[in-house]
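# What the coordinates show
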Amino acid sequence: MNQEGIKYMDKGTVGLLQSGNWGAFEHIYNTYWSKLYLSAYGILRDKQACEDIVQDVLVQLWLKKDSASIDSLPSYLHTAVRYQVFKAIKAGKVKLALPDDIELSADRNEVEDMLVSEDLDAVLDNHIARLPDKCREVFLLSRKKHLSIAEIAEQMHISTKTVENHLSNALGRLRTGMGDFLFWAAITLPSIWK
């Protein structure tokens, strides 16, 4: 199913959810639980904490179904999980677990403090704003609009190879500008939104 079909299906499911349809909630739960869990686990590496976070986010989705404003279901759910992950880190309930190949120039606690003291989205947005125009446009279409490489190429009237080059350039610049740790934290959670 193409991206438009998925978005249409999600809008229909959200409409059913908001009208109190339990089947729609079960569909959302079964479709997104593992993706949400993996996005949390990619940061925390704590099975129980991640399960609790995902469960809480999905329960809150049901409880707030009448008042929630949901334009994109995947974005809404992953933003909620990311918020809960960093809230748990800030509260000291869990510690960050980083991949072994990431070397930190600062002490891990110092980096954690920096992460939770600043709005990670604002940091990422600031660095995205510094990208060259075409590079930024391709990156945003990929990461925020969740378009495929082929869809971006068609929309921008450029080749798929050019799209790939822009994405590679954007990721390289963001990693250089933000440092390995912040780049990894900012990019890991949204990357599962595709």
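Report on the accompanying structure. Nothing here was measured: the structure is a model prediction, and the numbers come from that model. (Residues numbered from 1 in each chain as written. Predicted model: local features only at pLDDT ≥ 70, side-chain atom pairs only at ≥ 80, totals over all residues. Heavy atoms only, no water.)

### A short note on helix α4 (residues 73-90)
- Under the 1.5 Å per step criterion, the end-to-end length of α4 is 26 Å for 18 residues, consistent within 8% with the ideal 26 Å.
- Of all the residues in α4, the buried ones are L73, P74, S75, L77, H78, V81, R82, V85, F86, A88 and I89.
- Once α4 finishes, G92 follows within two positions and takes phi at roughly 80 degrees, a positive value. (Helix = DSSP H or I, 4+ residues; strand = E, 2+ residues; numbered from the N terminus. Expected span 1.5 Å × (residues − 1). Buried < 20%, exposed > 50% of the residue type's maximum accessible area, 1.4 Å probe, protein only.)

### With respect to the pattern of salt bridges
- In this structure the tally under the stated criterion is 2 salt bridges.
- Residue K47 is joined to E51 by a salt bridge in which the shortest nitrogen-to-oxygen separation is 2.8 Å. Residue K47 and its partner E51 are both found in helix α3 (residues 47-63); the two are separated by 4 residues, about one turn of the helix.
- Of the charged contacts, one joins R136 and D133 as a salt bridge, the two residues approaching to 2.8 Å between their closest N and O atoms. Residue R136 and its partner D133 are both found in helix α7 (residues 133-143); the two are separated by 3 residues, about one turn of the helix. (Salt bridge = Lys/Arg side-chain N within 4 Å of Asp/Glu carboxyl O.)

### What about the environment of D56?
- Here D56 shows up in helix α3.
- For the pair D56 and A80, spaced 24 residues apart in sequence, the C-alpha to C-alpha distance is 9.7 Å.

### Observations regarding the packing of α3 against α4
- At a minimum axis separation of 10 Å, α3 and α4 run at an interaxial angle of 130 degrees. Comparing the axis directions of α3 and α4 gives the class oblique. In this structure, α3 meets α4 at a crossing whose hand is right-handed. Where α3 abuts α4, its residues I53, D56, V57, L58 and L61 lie against Y76, L77, A80, V81, Q84, V85 and A88.
- For the contact of α3 with α4, the per-class residue count stands at 10 nonpolar, 1 polar and 1 charged. (Axes fitted to C-alpha atoms, helices over the stretch in contact; angles between N-to-C directions. Parallel < 35°, antiparallel > 145°, perpendicular 65-115°, else oblique. Left-handed = near helix turned anticlockwise from the far one by under 90°. Contact = heavy atoms within 4.5 Å. Nonpolar A, V, L, I, M, F, W, Y, C, P; charged D, E, K, R; others polar.)

### Observations concerning helix α2 (residues 22-44)
- Relative to the 33 Å expected for 23 residues at 1.5 Å per residue, α2 spans 30 Å between its end C-alpha atoms, a close match to the ideal helical length.
- The sharpest bend along α2 reaches about 45 degrees and sits at Y32.
- Every buried residue of α2 is accounted for by A24, F25, I28, Y32, L36, Y37, S39, A40, G42, I43 and L44.
- The N-capping residue of α2, defined by a side-chain oxygen 2.8 Å from the backbone nitrogen of G23, is N21.
- Following α2 by one or two positions, R45 has its phi on the positive side, about 55 degrees. (Bend = angle between axes of the 7 residues up to and from the residue. Polar contact = N/O pair within 3.5 Å; in protein donor to acceptor, adjacent residues only side chain to side chain.)

### What about the environment of N169?
- In this fold, N169 is placed in helix α9 (residues 160-191).
- For N169, a relative accessible area of 31% translates into the label partly exposed.

### Some words on the packing of aromatic side chains
- Going through the model one piece at a time under the given rule, you end up with 6 aromatic pairs.
- Residues W22 and F25 carry aromatic rings whose centres are separated by 5.0 Å and whose planes lie at 35 degrees to one another, so their mutual orientation is tilted. Within this pair, W22 and its partner F25 are both found in helix α2, separated by 3 residues, close to a single helical turn.
- Here W22 and W62 contribute two aromatic rings whose centre-to-centre distance is 4.9 Å and whose plane-to-plane angle is 85 degrees, an arrangement assigned as edge-to-face. Of this pair, W22 sits in helix α2 while W62 sits in helix α3, placing them 40 residues apart in sequence.
- Directly above the ring of W62 sits K65, whose terminal nitrogen or CZ lies 4.0 Å from the centroid. (Phe/Tyr/Trp six-rings, centres within 6.5 Å; stacked < 30°, edge-to-face > 60°. Lys NZ or Arg CZ within 6 Å of the ring centre and 35° of its normal.)

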